[in-house]
Structures are given as C-alpha cells and as structure tokens.
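# Results of the structural survey
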Amino acid sequence: QSVLAQPPSTSGTPGQRVTISCSGGRSNIGSNIVNWYQQLPGAAPKLLMYSNKERASGVPDRFSGTKSGTSATLAISGLQPEDEADYYCASWDDSLNGLLFGGGTKLTVL
Amino acid sequence: QLQLQESGSGLVKPTQTLSLTCTISGASISSGGASWSWIRQPPGKGLEWIGHIWHSGTSYYNPSLKTRASMAVDRSKNQFSVKLTSVTAADTAVYYCARQDSYNSLQFWGRGALVTVSS
C-alpha cells in the first residue's frame, strides 16, 4: 500500500473539470514539493507538474496543481479524450530518505 | 535532447541477480546537479522508486529494497546500472531509468525494459 494515497479511479466527460487528490504526511508532502506524472497506455510516465504547481514543458494550461499542508491536488479542466491515462503523484520522504509515489489514479474520459 | 535507454536481460531465474544498464545520450552523466534513478512498475500496478545515484557514485535506495539493490556509474560509457539480487516473481516488472533533478522530479525517462522472473 502506497504511503501517498490517491483514489484508484475517476472519470469525466469531455469539457468537464476533474480533480485528483494525493494525501500524505508531514515527512513527505508536508515537507517537500509534489510532482505529478501522466502515464498513457503502454507508455513510460511523463512529467506533468513539478514543484507543486509548475507545468512541465509542453503541458497545456488545462492542467493545474495545488498543495496545502499534507495534501496535493491535480486539476484538469476542459477534459479531452487524450487525457485518459493513469496519473501519479510523487514526493520526497525525509524519514525514508527516498522518493514516494502515490498508488495512481486511472482517469477515464466517458 | 537527453535520451535514456535501458538494456539488459529480459528473463531472470528465481534466486539469481537482475542486471540492467541505462545509456544516456544527449548529455553527460556528470553534468548538472542531477542524479540518476531507477523506477519499476509490476504489470498492472503502480510505480516504485528503487533508488538513485550521482555521478560521484554516491547512491541511495528504497529501504524496502536496500539489502538487495546496488547501483553503479560508468562515466567512460555515460551509463549507470542497477543490480537486484535474490529475485523472485514479485520482482517481475517494467524497469525504467530516469534523470532526477534538484526538485526530485523525473523529467526524462527511458522507454522501460520488461524483466520477467521465471524458471
């Protein structure tokens, strides 16, 4: 079981806004930045958001990230079919001295 | 553009040692303040960070794998590698190498290499 908790799945229709939560603790999200990754089917993960709210190169501004306390949220507005993918949050953990990933959230575009 | 490519044995017998190499192109393994990471993903499951290594050779590992994992760099070949000893079927996964920057973000990834542990 991942230390960073994400909902296993979520869904939305084209044009809708969806959010994905990532919940951790004081030693990880509470003390360090959060990064988000998008993994399309059959592909390697791709950096989506870094430093809590910064979009990686080429990422459309439909994607946004926030962090508050020991939780973080990825929001996708104007949902598009190509957004259907698995999304992972990640944060450094000072107690483990290692990088933690969330369990991943499968986004389905209906 | 920095590119990473994993290579190694795709089939390993139980109790043996898994060995993978990541070849870096488009940048030097010694450049910048980045470290070089290994991440794995069992079939149908999530991502697990194995550990990372700096060009100096200093490395850190996931505590859950610390006793079995080791990493090394070969600056002359612009490569880094991972070994995992005493493998079991639970180590069957796609193994990715990636560049880990000062934000601990993984901006560049290899395509991944499937390693199956089976007799």
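Shown above is the structure to which this text applies.
Residues numbered from 1 in each chain as written. Chains lettered and ligands numbered in written order. Predicted model: local features only at pLDDT ≥ 70, side-chain atom pairs only at ≥ 80, totals over all residues. Heavy atoms only, no water.

It is worth spelling out the overall build of chain A at this point. Each helix and strand in chain A was counted, giving zero helices and ten strands. From first element to last, N terminus to C terminus, chain A shows the α and β order β-β-β-β-β-β-β-β-β-β. Relative to the compact-globule value of 13 Å for 110 residues, chain A shows a C-alpha radius of gyration of 13 Å, a close match. In terms of overall dimensions, chain A has a C-alpha envelope of 40 × 25 × 25 Å along the principal axes. Across the 110 residues in chain A, those meeting the buried criterion constitute 45%. Looking at chain A alone, contacts between residues at least 24 apart form 58% of all its contacts between residues at least 6 apart. When the accessible area of chain A is evaluated, it comes to approximately 5,000 Å², of which 46% is carbon and sulfur surface. Each charge class in chain A can be summarised by its mean position, and for the 8 positive and 8 negative side chains these summaries are 5 Å apart. (Helix = DSSP H or I, 4+ residues; strand = E, 2+ residues; numbered from the N terminus. Rg over C-alpha atoms; globule rule 2.2 N^0.38 Å. Buried < 20%, exposed > 50% of the residue type's maximum accessible area, 1.4 Å probe, protein only. Contact = heavy atoms within 4.5 Å. Areas by Shrake-Rupley, 256 points an atom, 1.4 Å probe, with all protein chains shown as cover. Lys, Arg positive; Asp, Glu negative; His and termini not counted. Charge placed at Lys NZ, Arg CZ, Asp CG, Glu CD.)

Another aspect to go through is the environment of Thr116(B). Residue and element names in this part refer to chain B. Here Thr-116 shows up in strand 11 (residues 113-117). Relative accessible area serves as the criterion here: at 28%, Thr-116 is assigned to the partly exposed category. Remark: the alpha-carbon pair of Thr-116 and Gln-41, spanning 75 residues in sequence, is separated by 12 Å. Those residues within four positions of Thr-116 in sequence are excluded, and the remaining contacts are Gly-10, Leu-11, Val-12 and Thr-92.

All names here are of chain A. Reading across from one edge, 2-7-6 is the order of the three strands in this open sheet, with antiparallel pairing throughout. Edge positions in the open sheet fall to strand 2 (18-23) and strand 6 (63-68), since each of these has one partner strand only. Strand-to-strand twist in this sheet, taken as the mean axis angle between neighbours without regard to direction, amounts to 15 degrees. The sheet contact formed by strand 2 and strand 7 (residues 71-76) spans six bridges and is antiparallel. Of the residues in strand 7, the one forming a bridge with Ser-23 is Ser-71. (Pairing = 2+ DSSP bridges. Axes fitted to C-alpha atoms, helices over the stretch in contact; angles between N-to-C directions.)

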